[in-house]
Amino acid sequence: MIYSFIKNNEQLFPIEKMCRVLQVSNGSYYRWKKQINTARQQLKSAIKKQIALIYFQTKQRYGSPRITLELRSIGYKISRVTVAKYMKELGLRSKLSKKFKVTTNSSHNYLVVENVLNSGYANKNCTVS
């Protein structure tokens, strides 16, 4: 973050002075500036983008096993553990949704009590005084 600030402000201030003020060495800044993304780093960032894409397309419900299967169907060779590690780095966790459970049993053999009050929506001739 410091290095990107220095790079963005190269035209305004001398690099050596910014390095001194931000307490970083000149050599480390120039080393960072020359750094090239390796093929592995590019693959990792591409996989992370795909993981995030799949995660949000599936309404944040897919975890690492399902995302791994999706990535393999696309053509990536990747393990579930690696996908889980990348998801953790991205801060992605699957949302668990509970299965709908029916709690009413209308076809029971229990005694049904008669409506003694005769109240409710069934009695429409009811008047309020």
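- Looking at an unreviewed UniProt entry, the protein carries the name HTH-like domain-containing protein, with the source organism given as Flavobacterium kingsejongi.

## Topic: the nonpolar core
- Counting residues in hydrophobic clusters, the biggest one holds 11 residues: Ile47, Ile51, Ile54, Tyr55, Ile67, Leu71, Ile78, Val83, Tyr86, Met87 and Leu92.
- Of all the elements in the fold, those that place two or more residues in this core are helix H4 (39–57), helix H5 (64–74) and helix H6 (80–90).
- Per element, the largest residue contribution to this core is four residues, and it comes from H4.
- Counting residues in each nonpolar core, the second largest holds six residues, with Met18, Cys19, Val24 and Tyr29 among its members.

## What to know about the environment of Asn8
- For Asn8, the position within the fold is in helix H1 (residues 2–8).
- Classification of Asn8 by relative accessible area gives exposed; the value is 63%.
- C-alpha of Asn8 to C-alpha of Arg80: the two residues are 72 residues apart in sequence and 38 Å apart in space.

## Re H4
- With 19 residues, H4 should reach 27 Å at 1.5 Å per residue; the first-to-last C-alpha distance of 27 Å fits that figure.
- Listed as buried for H4 are Ile47, Lys48, Ile51, Ile54 and Tyr55. Angular distribution of buried residues about the axis of H4 spans 130 degrees; they occupy a single face of the element. More than 90 degrees from the buried face of H4, the exposed residues found are Ala39, Lys49 and Gln57.
- In this structure, the buried side of H4 is in contact with H5 and H6.

Cut-off values and rules
Residues numbered from 1 in each chain as written. Predicted model: local features only at pLDDT ≥ 70, side-chain atom pairs only at ≥ 80, totals over all residues. Heavy atoms only, no water. Core = buried A, V, L, I, M, F, W, Y, C linked by side-chain atoms within 4.5 Å. Buried < 20%, exposed > 50% of the residue type's maximum accessible area, 1.4 Å probe, protein only. Helix = DSSP H or I, 4+ residues; strand = E, 2+ residues; numbered from the N terminus. Expected span 1.5 Å × (residues − 1). Arc of directions from axis to C-beta. Contact = heavy atoms within 4.5 Å.

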